[in-house]
Amino acid sequence: MTSSSILVLGAGELGMAVLHALADLAAPRGTRIAVLLRPASLQSAAASTLAERGIERVPGDLLNDSLSTLAGIFAPFDTVICCTGFAAGPGTQLKLARAAIEAGVRRYVPWQFGVDYDVIGRGSPQDTFDEQLDVRDLLRAQQGTQWLIISTGMFTSFLFEPSFGVVDLAQNSVHALGGWDTAVTVTTPEDIGRLTAQIVFAQPPLANQVVFTAGDTLSYGQLADTVDAALGIQLKREPWPVPMLLDELAKDPDDNLKKYRAVFAQGNGVAWDPAVTFNVRHQIAVTDVAAWIRQHLKAPATNR
Ligand SMILES: NC(=O)c1ccc[n+]([C@@H]2O[C@H](COP(=O)([O-])OP(=O)(O)OC[C@H]3O[C@@H](n4cnc5c(N)ncnc54)[C@H](OP(=O)(O)O)[C@@H]3O)[C@@H](O)[C@H]2O)c1
């Protein structure tokens, strides 16, 4: 199977990275690339940069359009790649997978650019993960549409998002989710874009499997050491044990960040050996956490 036409759903941070990387590889192969955008977003500045690269813009609304309308939009494409995350709300990922199957697209890449949901299983602190398993069950139970799942771990920048609370430079603190030996796999959206394009164009084609990537896999202890060494600072280290994070979540059961903290702290399915990844197997250079810090962070003035 060769992909002669690819539709990407969404052009946010991840969708843009995937689209630009696909466009780099598509031109010499004569592959048609399109992006589905809400009608209101078709004329945005970001959409214009895509048009300049020869990427077609297709109007659609993943939340409000019916399943059969979406199937009609997907049908002309060989491969559909979902890059919207949970932005369109609960139930959307299952609806999109059903639409891809109804459309008879040859290969569907669902929004699964995250953790290893098979290992985490149902009933985890992050309830939206159950829908990811529903999507896997649906795709695995049929033969009409091939599927490809790309497991990337957390976006690297999320480790440094103050609201998430792992590394908070303004507070000069680092919190271990679970403990200092708990590990996490991360990949940057730019690398996810490049790797997704190479995975989609790989020969022989990849289908009906989970492909792993990793910019880095490290424990929270190694993360703290890496930040200290890269910035010449000494962060205050405080572990957030699983029972504490589950108590916090029980007090605030709808808090999405608390759900993520608890599920990452449990340490199941959130980290894998880089040796199993597409990037290591194909010797593709990626950005590790130390390089990400050098590119994006400076030590706060008070710590220098
Ligand atoms: N793995 C991680 O660590 C991690 C970290 C951060 C985020 N995430 C997840 O990643 C997801 C995607 O990331 P991102 O940063 O690329 O998100 P984003 O920048 O918010 O992009 C979401 C995209 O989906 C589109 N969209 C939303 N609702 C839509 C609808 N009803 N119909 C059509 N398009 C719709 C948006 O279009 P508009 O421009 O029209 O709104 C936008 O293009 C997030 O939702 C989040 O779940 C994961």
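> Would you mind showing me how to read the overall build of the protein here?
Broken down by element type, the protein carries twelve helices and 13 strands. By its C-alpha atoms, the protein is 55 × 40 × 40 Å across when sized along the principal axes. Per-residue burial for the protein yields a buried fraction of 42% across its 304 residues.

> I'm lost on the site of the ligand in this one. Help?
Near the ligand you find 21 residues, and of these Gly-10, Gly-12, Glu-13, Thr-84 and Gly-85 are the closest. Those elements that place two or more of their residues in the shell around the ligand are α1 (13-29) and β7 (154-155). Looking at the shell around the ligand residue by residue, the class counts come to eleven nonpolar, seven polar and three charged.

> Even after reading the chapter, I still don't get the sheet that holds β7, so can you show me in this structure?
Strand pairing within a sheet occurs via backbone hydrogen bonds; the two strands may be parallel or antiparallel. Within the open sheet, the three strands sit side by side as β7-β10-β12. Their pairing is mixed. Looking at the sheet topology across the chains shown, the edges are occupied by β7 and β12 (216-219). Pairing of β7 with strand β10 (residues 183-187), which is carried by two bridges, proceeds in the parallel orientation. Bridge pairing links Phe-155 to Thr-187 in β10.

> What is the right way to look at the domain arrangement of the protein in this model?
Quoted interface sizes are often the accessible area lost when the parts come together. By the assigned domains, the protein splits into domain 1 (5-154 + 188-212) and domain 2 (156-183 + 216-267 + 287-303). Put simply, the middle of domain 1 and the middle of domain 2, counted by C-alpha atoms, are 29 Å apart. Counting residues at the interface gives eight residues for domain 1, matched by eleven residues for domain 2. Of the residues that constitute the side of domain 1 that touches domain 2, the class distribution is three nonpolar, three polar and two charged.

Conventions adopted
- Residues numbered from 1 in each chain as written.
- Predicted model: local features only at pLDDT ≥ 70, side-chain atom pairs only at ≥ 80, totals over all residues.
- Helix = DSSP H or I, 4+ residues; strand = E, 2+ residues; numbered from the N terminus.
- Buried ≥ 20, exposed ≤ 12 C-beta atoms within 10 Å, placed from the backbone.
- Near = placed C-beta within 6 Å.
- Nonpolar A, V, L, I, M, F, W, Y, C, P; charged D, E, K, R; others polar.
- Pairing = 2+ DSSP bridges.
- Domains from an automatic or database assignment.
- Contact = placed C-beta atoms within 7 Å.

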